[in-house]
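What follows is the residue order along each chain.
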Amino acid sequence: MMFLRKKFLKYYAQPSIEFPNRFSKREYGFLFFNEQHMIRHVSFARREELLSFLRRNAPAHVYYSSAYYEKPDAPTMPEKKWLGADLIFDLDADHIPGTEKMGYEKMLEVVKNELKKLVSFLIDDFGFEENLSIFFSGGRGYHCHVNHPKILQLKSQERREIVDYITARGLNMSSILKERVVHRDGKNIETSLVMPSIDEPGWRGRMSREMFNFFEKIKKMKKEEAVNYLLSFEGIGEKTAEEAWIDLQDERRMERMKQGLVDLTTPIKKCALRVVEKCRVHGLGRPDEPVTGDIRRLIRLPGSLHGKTGFRVTRVKIDGIDEFDPLRDAIVFGDEAVKVKILKPYKVKMKGEFFSLKEGETEVPEYLAVFLIGMKIASV
Amino acid sequence: MARYPFLQEVKEWVKNEGVSVNEILHDEIYERARDIAIQRVNDAVKKAVVGERALLNETDCIMEIFSYPLARMIVSSIESDFLRRRYALAEAKKAYNSLKNEDNGFIRKFAQEFGIELVEKKIHFADYLKYAPTWHEKWKLVNRPLQKGMIDMSKIEMARLLQEAIRKKLEQELLVLYSPPEARKVFQGAILEIKNSLQKDEEKDVQTGNATILKFPPCMRQLVSAVQSGINVPHSGRFSLVTFLHSIGMDTDEILALFSQSPDFNEEKTRYQIEHITGKISSTEYIPPKCSSLQTWGLCPHEKDKLCEKVNHPLSYYRLKWRKKK
């Protein structure tokens with residue numbers, strides 16, 4: 001029997017599944033090892049039925065619907081009769097440019113950074129604290145599930161508005177940074193951008209706080225360091241970066257900024273506009289892809305295994321995001337040595353141990369063997 | 001109360017008065033109510049908003065209240081989706097005009113009837129999203145001061161949101177409303193007249209030809225069908241569509257015909273706007289916005305096709321489609 005399936009059978013003998021609410025009203029879907037087609041439109045009346053299904057079949061991937069239906073096992077959507085749906089945010093490295101060149105750990109760190117921003121939006125702006133669950137997806141990202149009673153009935157278009165909020169799509173910058181005349185003599189008019197105060201709600205306060213931190217940070221940097229940092233933002237060239245740093249060294253200017261006035265020197269204005277990029281959440285999928293907006297989609301079942309990594313879809317505590325280490329906390333397999341054949345050199349840190357693998361046969365712990373074989377980096 | 005005849009409270013009052021349908025349809029006392037009812041529908045058809053009447057004494061109010069169910073009977077008898085939508089919008093606009101002058105306590109109570117729980121001047125974003133015209137940049141959630149799920153609203157904004165709630169509710173009610181055959185008889189003349197003026201609008205609806213519409217990009221197709229089926233389209237949408245239609249060679253009358261199906265169609269105003277946008281009466285001939293602007297305005301449908309991926313302007317899509325055919 002196939003190595004991965006055997007290991008998965010072992011896990012599903014005694015899995016730790018987190019069952020969704022409205023359990024019997026959800027649709028379930030499965031992908032099996034060595035099979036292309038997904039089995040969908042399955043429902044279970046009792047939890048024990050799902051557990052016994054998993055025990056017998058050990059699927060490679062297990063999904064359930066974010067929506068709940070009157071007849072979850074009906075083959076078509078109209079027959080299912082949609083009753084409502086949780087709000088799902090799927091953060092995935094695939095949607096963050098630049099991550100394809102990174103190692104697995106580094107990539108997960110980048111996504112985690114986006115996760116922190118997302119959670120701050122969901123709690124501070126949307127007020128979802130009690131109804132929010134966060135999960136490591138087992139693959140290349142994190143999922144946030146929201147089941148606040150107010151949002152269950154929202155339609156696609158309304159859900160897209162929430163995504164637009166989080167990704168700053170359609171954000172009206174000129175209503176955040178308003179131009180104001182600060183000095184006028186004869187022909188000369190001096191204008192300045194007025195920043196919102198830092199405790200304002202919504203994007204205005206968020207931008208203001210971030211802008212202030214951003215400028216303080218650049219001011220404190222050495223010139224070279226600041227220029228390099230600023231160059232990493234799209235649309236900022238060397239000249240702009242240098243001038244912005246010089247402008248920011250002016251103490252009086254920083255003082256005025258504290259009063260809410262950003263002096264309208266072109267380089268500073270350019271940088272300010274880039275702060276939006278820092279604030280918005282990346283990795284929620286392309287704006288034209290209905291990810292959160294899709295009110296019928298399937299998501300990974302918490303506690304199930306990811307067929308490509310062997311990691312468990314694992315809950316992350318809201319106040320424990322920093323401490324969460326997916327390459328330690330989502331591992332379910334043991335340490336016993338397994339003989340594998342490495343197909344290409346690979347480096348990874350798992351369970352606190354650093355592995356540098358060369359091509360050829362070697363022995364690795366079971367948990368690493370599952371990961372390597374799942375990722376097609378090794379074979380048995 | 002007479003200003004908001006669709007409220008549950010008013011319906012209860014009418015019920016308690018114990019006046020039968022027959023009485024309001026035939027009794028001389030209610031002739032004024034019947035006249036006002038016709039006026040309500042006529043206002044909706046011609047001006048897209050139901051006009052205000054002075055409510056100086058009790059009789060004024062009673063006539064106003066009874067005119068409302070009668071007006072609904074007229075609309076329902078005509079059996080036109082377009083009229084239903086236009087009438088619902090016209091009543092909602094009338095309510096908006098009064099609501100913006102009410103005090104906060106009244107607005108809070110009023111909102112409750114539409115399932116909206118206001119906390120002081122704050123509304124939960126989920127209720128907001130149900131009714132806000134988020135096609136407009138100003139109303140997009142991202143441009144609202146959202147904190148812990150609540151949005152602070154001005155009174156005017158709240159009234160505008162309630163207008164949408166009223167419109168939706170009335171539209172739904174009108175869909176299932178049964179109109180007694182007696183009402184058809186009583187209002188025979190008025191019904192015929194309204195039908196005629198509606199038909200005139202429809203005759204103006206010159207087809208742009210399905211062949212060309214098929215070559216439109218999805219965003220423009222969506223706007224055309226929204227406008228034609230009478231869904232309320234925001235300014236940004238109208239602007240985009242007019243500039244696009246103008247660019248592909250349609251003239252003012254052709255564009256006007258297309259817009260005549262919109263629930264708040266006003267020929268004079270629309271003509272002025274079209275001629276302004278197309279440069280006929282202004283110095284600027286505007287060009288259609290590019291894809292990224294349409295996306296920002298929320299006008300880009302999420303069902304894109306392959307050709308969309310290749311272009312960044314709706315006109316390029318249209319041209320490519322033509323070239324492909326050849």
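So, how was this worked out
Residues numbered from 1 in each chain as written. Chains lettered and ligands numbered in written order. Predicted model: local features only at pLDDT ≥ 70, side-chain atom pairs only at ≥ 80, totals over all residues. Helix = DSSP H or I, 4+ residues; strand = E, 2+ residues; numbered from the N terminus. Contact = placed C-beta atoms within 7 Å. Expected span 1.5 Å × (residues − 1). Buried ≥ 20, exposed ≤ 12 C-beta atoms within 10 Å, placed from the backbone. Domains from an automatic or database assignment. Nonpolar A, V, L, I, M, F, W, Y, C, P; charged D, E, K, R; others polar. Axes fitted to C-alpha atoms, helices over the stretch in contact; angles between N-to-C directions. Parallel < 35°, antiparallel > 145°, perpendicular 65-115°, else oblique. pLDDT = per-residue confidence, 0-100. Pairing = 2+ DSSP bridges. Core = buried A, V, L, I, M, F, W, Y, C linked by C-beta atoms within 7 Å. Left-handed = near helix turned anticlockwise from the far one by under 90°.

A. The arrangement of the overall build of chain A in detail. Along its length, chain A carries twelve helices and 18 strands. Considered along the principal axes of its C-alpha atoms, chain A spans approximately 85 × 55 × 30 Å. For chain A, contacts bridging at least 24 residues in sequence account for 63% of all contacts bridging at least 6.

B. Layout of helix 5 (residues 81-99) of chain B. Taking 1.5 Å per residue, 19 residues should reach 27 Å; helix 5 of chain B reaches 27 Å between its end C-alpha atoms and fits that length. When you tally the buried positions in helix 5 of chain B, you get 14 out of 19 residues, the bulk of the element.

C. Highlighting the domain arrangement of chain B. Residues and elements named next belong to chain B. Along its sequence, chain B is carved into domain 1 (8-200) and domain 2 (204-325). A C-alpha centroid distance of 30 Å is found between domain 1 and domain 2. Counting residues at the interface gives twelve residues for domain 1, matched by 13 residues for domain 2. The biggest single contributor to the side of domain 1 that touches domain 2 is helix 5, with five residues.

D. Region of the structure containing the interface of chain B and chain A. Each side of the interface is counted separately: chain B has 23 residues, and chain A has 25 residues. Elements that contribute at least two residues to the side of chain B that touches chain A include exactly helix 7 (125-131), strand 2 (146-147) and helix 16 (291-296) of chain B. Tallying contributions element by element places helix 7 of chain B first for the side of chain B that touches chain A, with four residues. Broken down by class, the residue content of the side of chain B that touches chain A amounts to eight nonpolar, nine polar and six charged.

E. Representation of the domain arrangement of chain A in the model. Per the domain assignment, the segments making up chain A are domain 1 (3-166 + 285-331), domain 2 (173-279) and domain 3 (333-380). Look at where the C-alpha atoms of domain 2 of chain A and domain 3 of chain A centre, and you get two points 48 Å apart.

F. Region of interest: the environment of A:Ile331. Residues and elements named next belong to chain A. Summarising the element assignment, Ile-331 is placed in the loop between helix 11 (326-329) and strand 14 (337-342). The buried category is assigned to Ile-331, around which 23 C-beta atoms lie within 10 Å. Remark: the alpha-carbon pair of Ile-331 and Gly-310, spanning 21 residues in sequence, is separated by 7.6 Å. Excluding residues that lie within four positions of it along the chain, Ile-331 makes contacts with Phe-311, Met-350, Lys-351 and Tyr-367.

G. Looking closely at the packing of helix 6 (residues 202-220) of chain A against helix 8 (residues 238-248) of chain A. Residue and element names in this part refer to chain A. Taken N-terminus to C-terminus, the directions of helix 6 and helix 8 make an angle of 95 degrees; their axes are 9 Å apart at the nearest point. The angle between helix 6 and helix 8 falls in the class roughly perpendicular. Contacts from Phe-215, Ile-218 and Lys-219 in helix 6 reach Ala-244, Trp-245 and Leu-248 in helix 8. Taken together, the residues of the contact of helix 6 with helix 8 break down into five nonpolar, no polar and one charged.

H. Representation of the environment of B:Glu28 in the model. Residue position: B:Glu28 is located in the loop between helix 2 (21-26) and helix 3 (31-47). Given 6 C-beta atoms within a 10 Å radius, B:Glu28 is considered exposed.

I. Structural view of the confidence of the model for chain A. For chain A, mean pLDDT is 89; residues scoring 70 or higher make up 97% of the total. Mean pLDDT across the elements of chain A bottoms out in strand 11 (residues 261-263) of chain A (70) and peaks in strand 13 (residues 314-316) of chain A (98).

J. Examining the sheet that holds strand 7 (residues 132-136) of chain A more closely. Residue and element names in this part refer to chain A. One open sheet accounts for four strands, arranged 6-8-7-13; its pairing is antiparallel. Looking at the sheet topology across the chains shown, the edges are occupied by strand 6 (87-92) and strand 13. Pairwise comparison of adjacent strand axes, ignoring direction, gives a mean angle of 25 degrees for this sheet. Relative to strand 13, strand 7 runs antiparallel, the two sharing three bridges. Within strand 13, the residue paired with Ile-134 across the bridge is Val-316.

K. Main features of unusual backbone geometry. Phi at A:Asn34 takes a positive value of approximately 60 degrees, unusual for a residue other than glycine. For A:Asn34, the position within the fold is in the loop between strand 1 (28-31) and strand 2 (39-42).

L. Layout of the sheet that holds strand 1 (residues 122-124) of chain B. Residues and elements named next belong to chain B. One open sheet holds the three strands; their spatial order is 1-3-2, and the pairing between them is antiparallel. The outermost strands of the open sheet, each flanked by one partner alone, are strand 1 and strand 2. One ladder, built from three bridges, connects strand 1 with strand 3 (residues 150-152); its direction is antiparallel. The residue of strand 3 that forms the bridge with Ile-123 is Ile-151.

M. Spatial organisation of the confidence of the model for chain B. Residues and elements named next belong to chain B. Per-residue confidence for chain B gives a mean pLDDT of 86; residues scoring 70 or more make up 93%. Under a pLDDT of 50 for its full length, residues 204-211 has, in the predicted model, eleven contacts with residues more than four places off or in other chains. Across the assembled chains, the prediction reports ipTM 0.87 with pTM 0.79.

N. Spatial organisation of the nonpolar core. In this structure, A:Leu118, B:Val41 and B:Ile74 are the most contacted members of the largest nonpolar core, which totals 146 residues. At eleven residues, the largest contribution of residues to this core is made by helix 4 (residues 58-78) of chain B. Once residues within four sequence positions are removed from consideration, B:Val41 is found in contact with B:Ala71, B:Ile74, B:Val75, B:Tyr87 and B:Ile194.

O. Spotlight on the environment of B:Pro289. Residues and elements named next belong to chain B. As for its position among the elements, Pro-289 is in the loop between helix 15 (267-277) and helix 16. For Pro-289, a count of 20 C-beta atoms within 10 Å translates into the label buried. Along the sequence, Pro-289 and Ser-197 sit 92 residues apart, while their C-alpha atoms lie 35 Å from each other. Here Pro-289 is in contact with Ser-240 and Leu-294, once residues within four sequence places are set aside.

P. Here's a closer look at the packing of helix 7 (residues 223-231) of chain A against helix 8 of chain A. Residue and element names in this part refer to chain A. The contact between helix 7 and helix 8 brings their axes to 9 Å, and the two run at 130 degrees. Judged by the inter-axis angle, helix 7 sits oblique to helix 8. Helix 7 and helix 8 meet at a crossing whose hand is right-handed. Listed contacts from helix 8 to Lys-223, Ala-226, Val-227, Leu-230 and Leu-231 of helix 7 are Glu-238, Ala-241, Glu-242, Ala-244 and Trp-245. Tallied by class, residues from the contact of helix 7 with helix 8 come to seven nonpolar, no polar and three charged.

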